[in-house]
Amino acid sequence: MRNYRPLALFILTVGLASLLGDINVSAAPQTKKEKRLQKKAEAAQAATPANSTTPVKPIVGPVGPKDATALARLIDEQITKKLTEAKVGPSPLCSDEEFLRRAYLDLTGVIPPAEKAQAFLDATSPTKRAKLIDELLESPNFGRHLADVWQAKLMPRDSGNRFVLREPLVKWLEEQFNKNTPWNQFVFSLISASGTVEDNPAVTYFLANRSVDKLTDGVTQHFLGVQLTCAQCHNHPFAEYKQTEYWGMAEFFSKVRPDNPKNANKGGDNTKIGVQEGTGRTKLKDFFPDAAKTVPAKFLGGPAPKLSPTEPYRPILARWMTAPDNPYFARAMVNRTWAVLFGTGFVNPIDDMHEGNPPSHPDLLAAVAQNFAANGFDIKYLYRSICNSQTYQRTSKPIAANEKDDHLFSHMTVKVLSPEQLYDSLATITGAETTVRERMGKGAGKKGPANGRDGFVQFFLAGAEATHPTEYDAGIPQALRLMNSRVTGNPGLIRQFASPGDRSATVIERIYLAALSRRPTPTETGRLTSYVAKASTPAEAYGDILWAVLNSSEFTMVK
Amino acid sequence: MFSDHLIESTRRKFLQLSAAGVGAASLSGWMEVLAARASAAPTPTPGKAKSCILLWMDGGPSHKDTFDLKPASKGAGDFKPIKTKAPGIEISEHLPNLAKVMNHGVVVRGMSTPEGAHPRAKYNLHTGYREGQGGLVYPSLGAIVASEVGRPESSVPAFVSIGNRSYGAGFLGPKYQPLLVQDPARGVEDLKSLVAEGRFTNRLELLQEMEQAFQGEYRAPVITDHKTAYERAVRLMNAKEAKAFDLSLEPTASKAKYGTGRFAEGVLMARRLVEVGVPFVEVTLGGWDTHQDNFARVKSLSEQVDGAAASLIEDLKVRGLLESTLVIWMGEFGRTPNINTRGAKPGRDHYPKAWSLAMFGGGVKGGRVYGKTDAEGATVVDQKAGTTDFLATVCELMGIDHSKKNETSTGRPVQIVDKPKPFTGQIA
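Residues numbered from 1 in each chain as written. Chains lettered and ligands numbered in written order. Predicted model: local features only at pLDDT ≥ 70, side-chain atom pairs only at ≥ 80, totals over all residues.

### Focus: the overall build of chain B
Counting its secondary structure elements, chain B contains twelve helices and 16 strands. A burial count over chain B gives 54% of its 428 residues as buried. Considering only residue pairs separated by 6 or more positions, chain B has 71% of its internal contacts joining residues 24 or more positions apart. (Helix = DSSP H or I, 4+ residues; strand = E, 2+ residues; numbered from the N terminus. Buried ≥ 20, exposed ≤ 12 C-beta atoms within 10 Å, placed from the backbone. Contact = placed C-beta atoms within 7 Å.)

Here is the structure:
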C-alpha cells in the first residue's frame, strides 16, 4: 500500500485529463517508419474488396511494429475512455506483491518459488515489472500453461476419448507456444494436419473429435469465436447464421478419415494411428450425424471456393481462416487472451461472438486484433502488450467508485485457480508431485488417470471440461481433500520452512513468501507469533499455519 | 482483522449457542454460528413426499422398449410386453421386478418436450427453462428441492448427485450445489481430519481470520463461495449421518439384491441417504443413447435398472418410507418410433415429441397410467405433458409452491416453474 499514493494521483490526473478531452486516443504514429507502416496498412485495407469478409476498420489506428508499450498505451486509453464515459473510477495500480503472483499464475500457471518472490519484491529497478513479464514469457512454463488452457478445448474428456493419447498433442501445443509460432501458422498446421500421431502430433485433434459436427463446432468456436452449434439443426436463433452456413463449413471436413484410437488400443500402437484426407466423402461410421446436409463448401459469412475432390479441403479452409484479413480469426484469439488474463473477455461467452452479443469495447477489440494480425500473429507480443498495460496492473481491490463494475475493467477480477494451476502451485510448496501421486494412484486401476497431476485435475473438474476463472466451482469433496488429505496435511512439509532454533517470525515469513508470494503484515506476524508461542510445540503450530494458508482463498485465487 | 477480541467473541457466541442446544459436538465455533444463523429461514409447506430420488437415464431411453410398448406397430422392435401387478399396465419383459411393484407406480406416457439435443434437453428437463434463456443459469430440480425442503441446520447437503456432475444450483448459489459422489464404492473421502479435534478447531480459527481479512479487502463473491464450500464440508465431517455414504456398512445380502456396478451402488446409497433425511438424490445411469444396437443395449440397461430400482422401492416400502419418497425414472427424451438400419445393428434416434417416464411412491396413486400415445408411439393423443407440467407436478407432490419467485443475485424474480399445467390431481 505504501506506493499507492503517487499512483492514485497519476490515475486521477489521467482520468481528469481524459474528461477534459485531453487524451490522444488515435495513438498517432510517431516515427517515419510507423507512419509508413500505417499508410501501408491503410492502403492494404483500401485494396480489400468490400465484401462481408472485410474486417471492420478499427477506429483507433495501428501502433508501431512489435511495440508492446505502444499497444499497452492504446489499451489504457480506450479502457479509460469507457470508464470516464460511464463515470466509473479505476482502482489504483496493484502492489508488487499482487503483480508478482498474478503475472506468474497468468503467464506460467504456477506461483513463484519463494526465492524468486523475495528477489522481485526486494528489487528496486523501476522497470522490474516489464522485465518480469519478459522473463515469464520466455519460461518453458508459459507454453505448458497455455497447453493446459487449450487441451481442454481440443480434446474433450468424454468417454469416447478415453483411448486417445493426450500427451503428444499437449507436448506439441507446449512447444508451439514456447517457440512462439505465429498463431496463423500454428492453427494452419493444426487444421490441415495429416499423418500419424508419431510424425505429426497435431492429428490428435481429429482423433479426439471423430465426427464432422464436432470438428465444425470446435473449429468455429475455438478459432473463430463463433458458436454455430445451433445452426446444425435449425437456423441460429440469435445470430444471422443459417443452417446452410453450418453445413457449408462442415463440408471442408467431409473427406477427413481419422483412425479409431479404440481399435488401435486393442493390440496396436496408438502412436502409429492418425488422420488422412481422401478423395471422396468419408464413409466412417457415425462420422456424419443423421441430420447432416450436403451443401457446397462455403466459408462462414464468405464466398464458396471452387474445390477439386482430388485436393485436400482442409488447407483451403485453414488458409482462409488464418489470413490477416479474416474477420473472425484475430478477434477470437484476442478476446480469448484477454479472458485468460482478466477472467472475462470483451465478448462473453468468449466464443459466442455475434451481432446480438456485442463486445464491451468494440473499438479496442478491433484495434488490438488488427495489431495482432499486423504483427504476424505474435502471441507473446499480444501477452506482453496486455500485461504491460495499467489496466492489467490494477489492483483487484474495488473502490467505492467501481464496486459494481464487472465489465469495464476498472479493477482486476479475483480469479480462481484452475485445477492445473492449483496442483502445480501446491507442488511448488509441498513437493506434492510425489505425495499427491501416491494418493491418487491408489486403486486408480487401468482406466485411471495417467499420473498424479491428471488425477488431481480430474478430481477437481468432477466431470466438467474446464472450470470458470470467475466462479468457485469446487465443492465439498474438493474442500475435504484439501483439508484432510496429505496434500496439505503431511507433517513433514514443515521441515523445509523451520529448523530448530529459528525465530518464529522468520518461519512465518518463509511460509508466506512461499505460498502467498508476500511477507506477512505486522498484524499477521503479531497474531501468528503469539499462536506459535501458545502451541505445545512450534512445529505443530507451523503445521497449522501452513495448513490454513494452503486452504485459504488467498492461496486458491489470483488477486 | 487478526484481533483476539474477534476470536473471543466468536467463541463466546458459540458457547452461548451450544448452551442453547444449537451446536452439539462441534469441530468449529464459527461454522456452527453460521449454521445457526441460516436456520432462521422459513419452514416449507408440508407435502406428502419429503424426499425425491431421481433415477436419471442419461442419453434418452427408448419409450417403446421400456414403458410404452407397441407390439402391433411398424417399429415394434424385439421386446414383448408383460403384465404387471397393476391391472391393465404392461411394460417391457426386461423389467420383471419393476412389474411386481407397478401397483406403487404411475407411468406417464404423454411426455412431449421441446429439445432434441442431449445437453439442451437435459438442461430443460432438469430446470424447466431453455438453456441460455434470459442470460441466467437456472437451478435444477435438486437445487430447488434443496432450497425449499432442505433443512438449513442439516449437516448433510440436501442435494446429492451420484455418478454425474448433473445440473447445479444456478442462481440459487453454492449453498444448494449438489454434493457430487463420483464413485459410490468410495463414498465421500477425506471425511476425517488428520489432526486431533482441538487442533483442527485451532486450524479453522486461523483459516477464518485469513478469510475475513481477505474478503474484507477484496470483496469478491468467489471468496464467499469458497467459504460456503468449506463450511458445508466441515459440517459434513461433523455429521453422524455421513455414515450413509459408507456402503461397507450395508449388510451383504441387502447389497446383493441391488445388483453390481456403480448404478446399483448409487441406488443403494440413495436409499441410505433418504433414510437419514436427505431430500434429493440423483443417480445417473448412462448409455441410453442407442443410435446403434438399440435392443441388446436397452436389454442390458433395463436389467441394471430393474434389479436396483425394484429393490429400492421394496426397501422403502418395508421401512415405511415409500409414501414420503418419490422415485422418478426418466431421461431427457424418448427414441424414434421407427427403427433405423443405418448401422450393422438396428438403432433408434432422439425423439422428444412423445415419450414416457415413471414415478413411484411419494403419494402417487399406484397402478395408474397418465397420457397416451398413438398406435406407433409417435404422437401423444391424450393427456400431453410438457417439461413444466411435469416439474410442477413433482413440486406439488413435495409440497413446494412452484409459483413462488426466487430472486437472482441482481434481484430479478424468477418463478420456480414458469406457466405450468400440473397433473397432480390425476395421479395422486
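### As for the sheet that holds strand β6 (residues 179-181) of chain B
All names here are of chain B. Strands sit in the order β6-β5-β7-β1-β8-β11-β4-β12 across an open sheet of eight strands; the sheet is mixed. In this open sheet, the two strands that pair with only one neighbour each are β6 and β12 (368-370). Across the sheet, the axes of successive neighbouring strands diverge by a mean angle of 15°, strand direction being ignored. Here strand β5 (residues 159-162) pairs with β6 via three bridges, running parallel. Looking at the pairing, Val160 lines up with Leu179 of β6. (Pairing = 2+ DSSP bridges. Axes fitted to C-alpha atoms, helices over the stretch in contact; angles between N-to-C directions.)

### What about helix α7 (residues 221-238) of chain B?
Since there are 3.6 residues in each turn of an α-helix, residues three or four apart along the chain are aligned in direction. With 18 residues, α7(B) should reach 26 Å at 1.5 Å per residue; the first-to-last C-alpha distance of 26 Å fits that figure. Counting buried positions along α7(B) yields 15 of 18 residues, so the element is predominantly enclosed. (Expected span 1.5 Å × (residues − 1).)

### A short note on the packing of helix α3 (residues 68-86) of chain A against helix α16 (residues 362-374) of chain A
In a packed pair of helices, the relevant descriptors are the angle between the two axes and the axis-to-axis distance. Residue and element names in this part refer to chain A. Two elements in contact, α3 and α16, have axes whose closest approach is 10 Å; the angle formed by their N-to-C orientations is 170°. By the angle between their axes, α3 is roughly antiparallel relative to α16. Contacts between α3 and α16 involve Leu71, Leu74, Ile75 and Gln78 from the first element and Asp363, Leu364, Ala367, Val368 and Asn371 from the second. Its residues assigned to classes, the contact of α3 with α16 comprises six nonpolar, two polar and one charged. (Parallel < 35°, antiparallel > 145°, perpendicular 65-115°, else oblique. Nonpolar A, V, L, I, M, F, W, Y, C, P; charged D, E, K, R; others polar.)

### A short note on the environment of Thr84(A)
Structurally, Thr84(A) is set in helix α3. Between the C-alpha atoms of Thr84(A) and Asp424(A), which are 340 residues apart in sequence, the distance is 40 Å.

### A closer look at the interface of chain B and chain A
Quite often, the size of an interface is put as the accessible area lost when its parts meet. With 40 residues of chain B in contact, the opposing surface of chain A contributes 38 residues. If you list the elements that add at least two residues to the side of chain B that touches chain A, you get β6, α6 (197-218) and α7 of chain B. With ten residues, the single largest contributor to the side of chain B that touches chain A is α6(B). Per-class residue counts for the side of chain B that touches chain A are 21 nonpolar, seven polar and twelve charged.

### Observations concerning the domain arrangement of chain B
Residue and element names in this part refer to chain B. Split by domain assignment, chain B resolves into domain 1 (1-41 + 196-244) and domain 2 (50-187 + 246-427). Opposite the 16 residues of domain 1 that make contact, domain 2 presents 13 residues. Contributing elements (two or more residues each) for the side of domain 1 that touches domain 2: α2 (29-38) and α7. No other element matches the seven residues that α7 contributes to the side of domain 1 that touches domain 2. (Domains from an automatic or database assignment.)

### Quick look at the sheet that holds strand β3 (residues 274-277) of chain A
All names here are of chain A. The sheet built from three strands is open, its strands ordered β1-β3-β2 with antiparallel pairing. Strand pairing shows two members of the sheet lacking a second neighbour, β1 (195-196) and β2 (256-258), which therefore form its edges. Of the pairings in the sheet, the one linking β2 to β3 comprises three bridges and is antiparallel in character. Note on β3: the bridge partner recorded for Val256 is Glu277.

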